[in-house]
Each structure stands twice: as C-alpha cells, then as structure tokens.
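# Analysis of the macromolecular model
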Amino acid sequence: MAIDFSTLSLFPATAEQVLVARQRTLHEWGKGLTLEEHLARDASQDQFDGSRNGRLITWVLTPRDEPRTLEFKCACETFKRTGLVIDPAEGATAKAVACYGIASVFTPPENRGKGFGRHMMRLLHWVIADEDLLPTSEFPVAWGAPPLRVEGTRNGHFSALWSDVGDFYSACGPAPDIHDGWVVRGTATTVWGVDSTPVSDATLEWTWLDDSGVSELWVEDAEKIRQDIQKEPSAGGIFAFLPTQGVASFQHRRLEFFLQRLAPPPDTWGVASPDRAAYATWTIDPRPPAPRTLSVSRLCADPQTFGELVGRIMEVAKKNDVKCVEVWNLSPELKTLAGTLGANTHERKEHLPAFKFYGRESEANVAWAFNERFCWC
Ligand SMILES: CC(C)(COP(=O)(O)OP(=O)(O)OC[C@H]1O[C@@H](n2cnc3c(N)ncnc32)[C@H](O)[C@@H]1OP(=O)(O)O)[C@@H](O)C(=O)NCCC(=O)NCCS
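An unreviewed UniProt entry lists the chain under the name LYC1 C-terminal domain-containing protein, from Mycena rosella.

Shown next as structure tokens:
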C-alpha cells in the first residue's frame, strides 16, 4: 500500500530516540565494537566542539501524531557549521553563513524501500535551509503541514553529505517530483602506497603539529580560505566550509577510540612549513580489514613545496605503519605532480561529496571551494 507522506513529519529526536537510533546503526557502523563501546563512542562525540551547543541534532521521521515513538521510520544527523558564500550579484566579498553537514542517514532493514529515507531527506531541507532561499516558500501540500520550527535552525545557506549510496540523494529535493536534491561533486582521490614510496629529504625546517597545534593552524587556515575564495573566479556562487569549530578536528578525534589501542598511539596530526604557507593535516584510520590509511584532511601547498610536504606525510605514515595515503580533490596542477611522486588518482565510489545550495543559483553554476576531507562528517 502506498504511504501517505502527509501523515509523517520530521522531529528532533528525544534522548530515548537518539539512543535507539544509535543502537540501530551498530551493525552498519560499529565496525567490530560491542554495543556498549559503540554507544560510548557516540556519547564521547557528543562532547566534540562540532557537536556541542546544539550544533548536532538527530532527526527522526515519525507519524506526526507520535513524535516521541521509539518505532520511528528512519533517522539522520545534522551538524550546524559556519561556512562562506560569495554571491557574485553582491560583489566578491565572502559572507559568513550558517550551513550544515549531514551524517548517519539510516533506515532499519525492515523499513527500507518504502520511501521513508527519501521523504526524510526531502523534509530535511525544510528544517535546515533559510526559508527565503528555498525555491518555493510554499510547503508542498501533498506533504501535509510543514515540520515544526526548531530553535537555531532554518538558517542554512548550503548543506552537504558524503554519500555511500551513489546519487540516491539527488532525488531528495525540497518539492515532490522534482529531482533537485544533493548534487555529487569532486570525487577525485589521489592514493600513494606507502611501502613503495620513498621519503624525500627535507630542506626546510617543518614543524610537526599535535592536537592543539592543528587547532591553531585551522584558525589561520580559515582566514586563508576566506582570502583565497575571494580570488576564485566564478560566474555563479561559491561556497566553502570552514575547518574551525571542531569541523576538521572531528576527522582524527572520532577515531580516537581505535587509535588509543595502537602502541604507541599517533599524536601528530599535521605539519607546517616555517612560513606556514604550506601545510597538511590528517587522520589515521587503523580499523581492519582495510589497509591502515592516512587520510589528508586539509592540504595547502604550491608546486615548489608540494614534494617536500608529501615527503613529510610519508615520514609520518611510515612511522605509524600506515599502508596507504589518500588525498581528496587535489588541484589539477598538484594532481599531476602527485603522479610524478608515485601516486595514482581515481574517482572514488564511496563517501561521494554531495551538496545542496540554498539560493538563487542552481547547483550547476555553483562552485564548492576547498572540497576536501576536513569537512566530511
Ligand atoms: C540508504 C537508505 C537510508 C535508504 O533508505 P530507505 O528508507 O530504504 O530509502 P527509500 O525507500 O526512500 O529509497 C530507497 C532507494 O535507496 C536506494 N538505495 C539503497 N541502498 C543503496 C545503495 N547502497 N546504493 C545505491 N542506492 C541505494 C534503493 O535502490 C532505492 O532506490 P529506488 O527508489 O530507485 O528503488 C537505507 O538503505 C539505509 O539505511 N542503508 C544503510 C545505511 C546507509 O548506507 N546509509 C547511507 C549512508 S550515506
């Protein structure tokens, strides 16, 4: 029987619903953890900078007259962040705006294939986007009454997610039957095999950065992103996430649970050149069965400094018994250089970056600047 979507709505989860949502994902995302460990890990993430102060909201799709039910249809999470937008119609100055990262989209197996996931994601635009920026101010009649307003939301200028289900999210737009959901953009992945890549010598005095060192670097980086984005030529809009407020640190802190089991646990999360014009930050994923991987979260270099920077990354990779180094979305120039340094670049099939821009411009005309690993969630 066809589902009457007007009977459903999207609500922020109660504490009990959050717990059930997390229990449901043990099998999919627990990666060998016990239920207690899985829940403890999620609870520790609640204390991260990127989650606190209401930034993390778990949403549940439920019958609209049963908002507190533990039998909700499906769930997802949003992280409110600060980003930058340039609207060429308003000049070349980057404006700081609210934006959202979306994660943990999950329908339990018994509810799959009935349209719940798609409807939840369609409704999500109506709870996170600045209403003035949606293509229509009229909530679709076929979907009943709009979701209730949640304090601190309905202000987003763009949102992004990293799809493990192909272009499923492109069909999840803010109106029925219009496929203008999240658009996949920028899947290039450059990979080095660590054992086969020699470590080049350093001529510069590079500084290794620990957790607080990378946090300081990302403050500087946010300013550099602001300056650089204003130099980007674009006929349409441009947007970028900023690495501060716990966005970039999420990459290595979320794996702390597994990293602490290594002997010794890695504690270097970035490296910077003496003038801090070239730098990289990263996380290390030690979870088997995949080869231990160092994922570069943010990289800034020119062709002159890139080779030495890659050498430092290889140094830290070898020290931590990493087998594989990957970087997302290098510039064409650095991608070519990486090829001469032993890397291969391919188009990734998982964690596909996908965005929805809330504004006049269609996604086709909008550029995602600094579409790198640091903003993944
Ligand atoms: C992806 C997921 C949320 C979809 O939820 P759902 O409630 O079944 O979604 P809907 O019924 O609205 O839509 C089902 C569609 O998802 C598609 N889909 C499901 N899994 C998919 C996958 N791995 N790759 C591509 N498409 C997929 C189905 O093919 C179906 O497409 P169709 O409508 O064209 O037939 C659900 O399958 C799920 O929780 N999967 C496990 C967790 C996961 O991978 N989450 C996404 C992380 S980015």
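Let us keep going from here.
What follows covers the UniProt feature "domain: LYC1 C-terminal" (unreviewed entry) in the chain. According to UniProt, the "domain: LYC1 C-terminal" (unreviewed entry) feature falls on residues 200–377. Between the end C-alpha atoms of residues 200–377 there is a gap of 32 Å, over a span that is 30% helix and 24% strand.

With that settled, consider the environment of C377. Positionally, C377 belongs in the segment after β16 (367–368). Distance in space between the C-alpha atoms of C377 and Q251 is 7.9 Å, their sequence separation being 126 residues. If sequence neighbours within four positions are ignored, C377 has contacts with F79, R81, G101, I102, A103, W162 and F250.

Time to look at the domain arrangement of the chain. For the chain, the assigned domains read domain 1 (5–186 + 351–375) and domain 2 (189–347). Taking only C-alpha atoms into account, the centre of domain 1 sits 27 Å from that of domain 2. Across the contact, 41 residues belong to domain 1 and 36 residues belong to domain 2. Broken down residue by residue, the surface that domain 1 buries against domain 2 is led by L84, R373 and F374, which jointly contribute 23%. Remark: the boundary between domain 1 and domain 2 carries 3 salt bridges. A salt bridge links R261 to E37; the shortest N-O distance between them is 3.4 Å. Our enumeration of links across domain 1 and domain 2 arrives at 18 residue pairs in polar contact (both at pLDDT 80 or more).

Residues in close proximity to the ligand total 18 residues, the closest being V105, T107, G113, G115 and G117. Between the ligand and the protein, one listed contact pairs an oxygen atom with a backbone N or O atom of G117 at 2.8 Å. Contact distances for the ligand include 2.9 Å between an oxygen atom and a backbone N or O atom of R118. Considered on its own, the ligand offers 900 Å² of accessible surface; in the complex 62% of this is hidden by protein. The set of elements that each furnish at least two residues to the shell around the ligand consists of α2 (26–29), β4 (95–106), α4 (116–128) and β5 (156–163).

The next subject is the sheet that holds strand β11 (residues 279–285). Spatial ordering of the open sheet is given by β8-β10-β11-β12-β13-β7-β14, a layout of 7 strands whose pairing is mixed. Each edge of the open sheet is held by one strand with a lone partner, namely β8 (207–209) and β14 (344–347). Along the sheet, successive strands turn relative to each other by an average axial angle of 25 degrees, direction set aside. Direction of pairing for β8 relative to strand β10 (residues 270–272): antiparallel, over a ladder of 3 bridges. Its bridge partner lying in β10, L209 is registered against G270. Running at roughly 130 degrees to β11, helix α5 (residues 211–229) makes contact with β8, β10, β11 and β12 (293–300) of the sheet. The strands that helix α8 (residues 303–319) touches are β7 (188–193), β8, β10, β11, β12 and β13 (324–328); relative to β12, the one it contacts most, it runs at about 150 degrees.

On to the packing of helix α1 (residues 15–24) against helix α3 (residues 35–45), then. Contact pair α1 / α3: the axes reach a minimum separation of 10 Å and the direction vectors enclose 125 degrees. Judged on the interaxial angle alone, α3 and α1 are oblique. At the point where α1 passes α3, the crossing takes the right-handed sense. Seen from α1, the contacting residues are L19, R22 and Q23; seen from α3, they are L35, H38, L39, D42 and A43. Of the residues that constitute the contact of α1 with α3, the class distribution is 4 nonpolar, 2 polar and 2 charged.

When its volume is computed, the second largest pocket comes out at roughly 640 Å³. What lines the second largest pocket is a set of 28 residues, among which N329, L330, S331, F370 and E372 lie closest to the centre. Elements that contribute at least two residues to the lining of the second largest pocket include exactly α5, β12, α8, β13, α9 (332–340) and β16. For the lining of the second largest pocket, the domains that each give at least three residues are domain 1 (5–186 + 351–375) and domain 2 (189–347).

It is worth spelling out empty space enclosed by the protein at this point. Per the counting criterion, the structure on display carries 1 cavity of 30 Å³ or more. The wall of the largest cavity is formed by G50, F79, K80, R81, Q245, G246, V247, F250 and C377. By residue number, the principal contributor to the lining of the largest cavity is strand β3 (residues 74–86), which donates 3 residues. The residue inventory of the lining of the largest cavity, partitioned by class, reads 4 nonpolar, 3 polar and 2 charged. Taken together, domain 1 (5–186 + 351–375) and domain 2 (189–347) each give at least three residues to the lining of the largest cavity, which thus spans both.

The rules behind these values
- Residues numbered from 1 in each chain as written.
- Predicted model: local features only at pLDDT ≥ 70, side-chain atom pairs only at ≥ 80, totals over all residues.
- Heavy atoms only, no water.
- UniProt positions renumbered as here; feature names shortened; annotations may be inferred.
- Helix = DSSP H or I, 4+ residues; strand = E, 2+ residues; numbered from the N terminus.
- Contact = heavy atoms within 4.5 Å.
- Domains from an automatic or database assignment.
- Buried area = accessible area lost by both parts, 1.4 Å probe.
- Salt bridge = Lys/Arg side-chain N within 4 Å of Asp/Glu carboxyl O.
- Polar contact = N/O pair within 3.5 Å; in protein donor to acceptor, adjacent residues only side chain to side chain.
- Near = heavy atom within 4 Å.
- Areas by Shrake-Rupley, 256 points an atom, 1.4 Å probe, with all protein chains shown as cover.
- Pairing = 2+ DSSP bridges.
- Axes fitted to C-alpha atoms, helices over the stretch in contact; angles between N-to-C directions.
- Parallel < 35°, antiparallel > 145°, perpendicular 65-115°, else oblique.
- Left-handed = near helix turned anticlockwise from the far one by under 90°.
- Nonpolar A, V, L, I, M, F, W, Y, C, P; charged D, E, K, R; others polar.
- 1 Å grid on protein atoms, 1.4 Å probe; cavity = no way out; pocket = protein on both sides within 12 Å on 5 of 7 lines; lining within 4 Å.
- Points joined across faces, edges and corners; volume = space filled by probe spheres on them.

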